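Each chain, written out:
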Amino acid sequence: MDHAGMIALVGNPNAGKSALFNALTGARQKVGNYPGVTVERKAGRLALADGRQVDIVDLPGTYSLDPKSPDETVTRNVIFGYQEGERTPDVLVIVVDAANLDNHLRFALELIALGRPCIIALNMVDLATRDGLELDAGRLSEDLGVPVIPTVAVRRRGLDHLRETIEAAVPAHGLPKSVHAENVTFDEARLRREAQRIARRAIVSETPTRRLTGAIDKVVLHPVGGLLLLFGLMFVVFQAVFSWSEAPVAMIEDAFKALAGLVQTILPEGFWRDLIIQGAIAGVGSVVVFLPQILILFFFILMLEATGYMTRAAFLMDGLMARVGLSGRAFIPLLSSFACAVPGIMATRTIADPKDRLTTILIAPLMTCSARWPVYTLIIGAFIPARTVGYGIGLQGLVLFGLFISGIIGALLVASVLRLTVTKGGGGSFLMELPKYQMPLLRDVVLGLWQRAIIFLKRAGTIIFFTTIVLWLLLSFPKPPAGDPTLPVNYSTAGRIASVLTPVLRPIGFNHEIALALIPAMAAREVAVSALATANAIAESDDEDATAKTLGEHLQGRWTLPTALAFLAWFVFAPQCISTIAVTRRETNGWRWPLFMVGYLFTLAYIAAGATYWTAVAAGL
Amino acid sequence: MLLTKLTPNLPAYVDIVDWSAMSETDGRRLRELGLCEGASIELLHRAGFTGRGAHACRVGRMIVAMRAAHAAAITVRSQMDPIDSVADGMSREVGAA
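Residues numbered from 1 in each chain as written. Chains lettered and ligands numbered in written order. Predicted model: local features only at pLDDT ≥ 70, side-chain atom pairs only at ≥ 80, totals over all residues. Heavy atoms only, no water.

A.B. asks: Got a minute to help me understand the overall build of chain B in this structure?
C.D. replies: Helix and strand content of chain B: 3 helices and 5 strands. Moving toward the C terminus, one meets the helices and strands of chain B in the order β-α-β-β-β-α-β-α. Looking at the 97 residues of chain B, the share that counts as buried comes to 56%. Looking at chain B alone, contacts between residues at least 24 apart form 61% of all its contacts between residues at least 6 apart. For chain B, the accessible area works out to roughly 4000 Å², and carbon and sulfur atoms hold 57% of it. (Helix = DSSP H or I, 4+ residues; strand = E, 2+ residues; numbered from the N terminus. Buried < 20%, exposed > 50% of the residue type's maximum accessible area, 1.4 Å probe, protein only. Contact = heavy atoms within 4.5 Å. Areas by Shrake-Rupley, 256 points an atom, 1.4 Å probe, with all protein chains shown as cover.)

A.B. asks: Help me out: how do you make sense of helix 10 (residues 246-266) of chain A in this one?
C.D. replies: Given 3.6 residues per turn, any residue in an α-helix points the same way as the ones three and four places further on. All names here are of chain A. A rise of 1.5 Å per residue sets the reference length of helix 10, with its 21 residues, at 30 Å; its end C-alpha atoms lie 30 Å apart and thus fit the reference within 8%. Among the residues of helix 10, those classed as buried are Val249, Ile252, Phe256, Ala260 and Val263. Burial along helix 10 is one-sided: seen end-on, the buried residues are contained in an arc of 75°. Exposed and oriented more than 90 degrees from the buried face of helix 10 are Glu246, Met251, Lys257, Thr265 and Ile266. Each element contacted by the buried residues of helix 10 is listed here: helix 11 (271-288) and helix 12 (291-307). (Expected span 1.5 Å × (residues − 1). Arc of directions from axis to C-beta.)

A.B. asks: Would you mind showing me how to read the environment of Ala531 of chain A here?
C.D. replies: Residue and element names in this part refer to chain A. Secondary-structure assignment places Ala531 in helix 23 (residues 527-535). On the basis of relative accessibility, which here comes to 12%, the residue Ala531 falls in the buried class. Sequence separation of Ala531 and Val489 is 42 residues, and the distance between their C-alpha atoms is 9.3 Å. In this structure Ala531 touches Ala517 and Pro520, once residues within four positions along its chain are discounted.

A.B. asks: Got a minute to help me understand the UniProt feature "transmembrane region" (unreviewed entry) in chain A in this structure?
C.D. replies: Under the present numbering, the feature "transmembrane region" (unreviewed entry) in UniProt falls on residues 219-242, 275-302, 332-352, 399-422, 456-475, 564-583 and 595-616 of chain A. Helix and strand shares over residues 595-616 of chain A are 100% and 0% respectively, and the end C-alpha atoms of the span are 31 Å apart. (UniProt positions renumbered as here; feature names shortened; annotations may be inferred.)

A.B. asks: Please explain the packing of aromatic side chains as it appears in this structure.
C.D. replies: The way to describe two aromatic rings as a pair is by their centre distance and the angle between their planes. Enumeration over the complete set of coordinates arrives at 19 aromatic pairs over all chains. Considering the side-chain rings of Phe231 of chain A and Phe331 of chain A, the 6.1 Å spacing of their centres and the 90° angle between planes classify their relative orientation as edge-to-face. Of the two residues, Phe231 of chain A sits in helix 9 (residues 225-244) while Phe331 of chain A sits in helix 14 (residues 331-336), which places them 100 residues apart along the sequence. The buried category is assigned to Phe331 of chain A, whose relative accessible area is 11%. Where Phe299 of chain A meets Phe300 of chain A, the ring centres are 5.5 Å apart and the plane angle is 75°; that geometry is what we call edge-to-face. By relative accessible area, Phe300 of chain A is classed as buried at 13%. Members of the aromatic cluster, each reached through a chain of ring pairs, are Phe383, Phe510, Trp559, Phe567, Trp570, Phe571 and Phe602 of chain A. Sitting over the ring of Tyr491 of chain A, Arg496 of chain A keeps its end group 4.7 Å from the ring centre. Above the plane of the ring of Trp19 of chain B lies Arg31 of chain B, whose end atom (NZ or CZ) is 4.6 Å from the centre. (Phe/Tyr/Trp six-rings, centres within 6.5 Å; stacked < 30°, edge-to-face > 60°. Lys NZ or Arg CZ within 6 Å of the ring centre and 35° of its normal.)

A.B. asks: How should I be thinking about the nonpolar core in this particular structure?
C.D. replies: Where a protein is soluble and globular, its nonpolar side chains tend to be buried together. Residues and elements named next belong to chain A. Counting 130 residues, the largest nonpolar core has Phe510, Phe567 and Trp570 as the members making the most contacts within it. Contacts of Phe567, omitting those with residues within four sequence positions, involve Val375, Ile379, Phe510, Ile514, Leu518, Leu532 and Trp559. The next biggest cluster of nonpolar side chains, apart from the first, holds 41 residues, and it includes Ala8, Leu65, Leu111 and Leu144. (Core = buried A, V, L, I, M, F, W, Y, C linked by side-chain atoms within 4.5 Å.)

A.B. asks: Would you explain the state of the cysteines in this entry?
C.D. replies: By definition, a disulfide links the sulfur atoms of two cysteine residues through a covalent bond. Per the stated rule, a full pass over the model turns up 0 disulfides over all chains. Cys36 of chain B takes part in no disulfide bond, and the closest cysteine sulfur, belonging to Cys57 of chain B, lies 14 Å away. (Disulfide = S-S within 2.5 Å.)

A.B. asks: Help me out: how do you make sense of unusual backbone geometry in this one?
C.D. replies: Leaving glycine aside, a negative phi is the common case for residues, and trans is the common case for peptide bonds. Residue and element names in this part refer to chain A. The residue after Phe477, namely Pro478, is reached through a cis peptide bond having omega -10°. Secondary-structure assignment places Pro478 in the loop between helix 19 (442-476) and helix 20 (488-491). Its identity as a non-glycine residue notwithstanding, Asn14 has a phi of 65°, on the positive side. The residue Asn14 is located in the loop between strand 1 (3-11) and helix 1 (17-25) in this model. Unusually for a residue other than glycine, Met124 sits at a positive phi of about 60°. Within the secondary structure, Met124 is located in the loop between strand 6 (118-123) and helix 4 (125-130). Classification of Met124 as buried rests on a relative accessible area of 6%.

A.B. asks: Looking at this structure, I do not really get the interface of chain B and chain A. What am I missing?
C.D. replies: How big an interface is tends to be reported as the loss of accessible area on association of its parts. Listed by partner, the interface residues are 31 residues for chain B and 44 residues for chain A. The junction of chain B with chain A conceals about 3300 Å² of combined surface from both sides, 56% of it contributed by carbon and sulfur atoms. When the buried area of chain B at its contact with chain A is split by residue, Arg29, Arg61 and Arg67 of chain B rank highest and sum to 27% of it. Viewed at the interface, chain A and chain B are joined by 4 salt bridges. Across the pair Arg29 of chain B and Glu72 of chain A runs a salt bridge, and its minimum N-O distance is 2.9 Å. For the side of chain B that touches chain A, the secondary structure elements donating two or more residues are helix 1 (24-32), strand 2 (40-46), strand 3 (55-59), strand 4 (62-66) and helix 3 (84-96) of chain B. The element that contributes the greatest number of residues to the side of chain B that touches chain A is helix 1 of chain B, accounting for 7 residues. Classifying every residue of the side of chain B that touches chain A gives 15 nonpolar, 6 polar and 10 charged. (Buried area = accessible area lost by both parts, 1.4 Å probe. Salt bridge = Lys/Arg side-chain N within 4 Å of Asp/Glu carboxyl O. Nonpolar A, V, L, I, M, F, W, Y, C, P; charged D, E, K, R; others polar.)

In C-alpha cells:
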C-alpha cells in the first residue's frame, strides 16, 4: 500500500476540528504527546478512493500563526515544518465555523497566504442555518482561491466531497518541506478587514444572533440559577464517580482475587508464586482498579465539553478561582480530585494556560480523596470520643470536616504561593470564546473514553505496576531465619528502612510502626490500615470493618492522642499515592514536577503533623 | 462608557480599547476574537453577585468571555448614538495599524 502524503487539520478553537478528525479517521487514530511537550498529538489514517493512504493530524486549535501557548506553538511549528517528530503537511484542511466566518477567515487567510495547498472545510453549516445564516460556498471559494467544502462533521455530511477534494490536492511526489516562518509577516488589521469583506460577500442572508444559545445561556450563566445548576451537576458527577464506580471496582477486585486464588492452587509455594500473586497480580489490579472512576469522570467531562457547557462552568467559577491565581477551568479538575486525584489531574488537560494547569496539578493531591477515608475513620473511630459538642454536632464528624477543610485551605494557600513563585507568570487572564451549544455525539465520547483509558493504562500504569512490585519486594525480603521471633515485616528491608526513618519521625510523635506503615502506604493511602494491622500482628479478615475495629482498639493502647492527631494531620498533606505521582509525571512530561510535588507535600505533612503533635502535647491531651 | 457599565443586551460599538491596560498577548488575543475598535458588541452576562466576575459579550456572532479588568479597558458607544462614532473607531484602528 502506498503512503502518499500528510494532511493537517487546522483552524480556530471550536471550529469542530476534532469532530471532523473523528469522522474522517474513525477509530484508526493514535493519541500521544509531541516530543518534549505535554501537547497532545492526535494522528490517524485516511483511505482515499484511489487506494492511497494519507496520514492525517489534528492540530491544536489556534487563532493565528503567532502562538500564545505551547499547543499553539506546536500548530505553528508543524505548519512550518519545524516540529520534531512530525512531517510537514502536504495539504492543510482549514476548518472554519460557518457561523463565525469573519473571525475564522482571518486565520484562514494567514494559512492560504503561505502558498501551500489548502482546502476549507466550511463546518457546522447546519448550526449556521439554525442560527439564521445562509452562505454561498461557491462565492467564498472564488474569493479565497481555494476549494470550499460545506461539512457537518458530527452528521458525516460533506465528507465524501471533502475526501475527493483531498485526493485531488495531495501531490503524488510531495512538496518542498518547509516554509520559512521568519519571512512570513501579516498586517493584522488588513487581514481582519479582508476577512470581514469576504465573509460579508459570502453571506446570502442572516438574522442577527444565536437564538437557542442565547436562550440557554440566560439560565446557565445566571448569577444565581447558573451557580445552582453548576453545583447540581457537580453533585451528580461527584456522586457518580464515588458510587457508580463501587460495583465495577468491587468486580475488578473480586476478579483479581479469583485470579490470585487460581494461581495459588496451580503454582507451588515459593518466591515465584508470591511474586506473581503479591507483586504482579496485585500490581496490575492496583492499576486497573482506577479505571471505573477515570471512565465515569471523563464520560461527564467529555459530555460537558461536547455540549459547550464546560466553558460556561469556567466562566461562572473564574471569579472565585482568580483569587488564588487560577482560572475558572481549574474548578472541575479540583472538584473531581475529591473523589480521586488521578482522574482529577488527567482532567487538567482542559486548562489551556500551562502555568494554570501546572498549579492545578500540583494542588490536586490536597483535595481529600476517597483513599483517605479508611485512614481517617480508623483513627477518628479509635481516638475521638463519639460525643456531641452541642446543637447535635458530633465531635467525630467535626474532626472529619476539619480534615476536609484543612485540605481545601491548604490547597488554596499553596496555589497562591505557587502562583507568586515557581509557577509565576502566564495566566492572569481569562479570554475565551463561549461556543454554541450542541448535542454531543456518543461515538466521539466513547472514542475519547477509550483514548483516556489507554493513556492511563500505558503511561501511568507501567510506573504503578513496577512500584507495586518493588514495594512488595521491600516488604517481603529478607525473611527472618527459622525460629527468629521477629515479625517478618520488621525483619524485611522495609522494616530496616523504617528503623532509619524513625528518629526523623519521632519529633512529630511517630513511632516505628507508623514509620513502617508509611512505606507500603506510598502505593496508596488506604494501605496504611492493612500495614498497621500487619505491624501489630492483627490477622486480617474478609470483613474490613471488623479488622479496623480490632486494630483501632489495639492502637488505643499503643498511641497517645497527640500521636493519633499528628497521624491524621500527616495524611491531609502527604503524597502517599504512587498513582498520583505517576500520573503527574505523565501529565507534566518528566520527573521534575512530580518530585517537586512530593517534596513540598512531604514538607507540609511533616510541619502539619509536628505542629499538631506539639500543640496537642502542650494542651495536655 | 466602559463596557463594564454597559446595560446588558444593549447593542453598542467598541469605541476605544486601552491596549496599554493589558499585556500585548492578551491584546492580540482580544483582536483575534474580533474585539477591536469599530466592532459591534453587546454585554450579555456578568458572573458573580458583585459584577466584578467575568463578563460575557457578543462580539459579532461570537460570544467572548473576559475578566472585568479587560472589560474595564474597553470603551463602548451605544448603537443609538450617531453612526460616525463607528467611522471614528475604524480610523483610529487604521491609524494604529
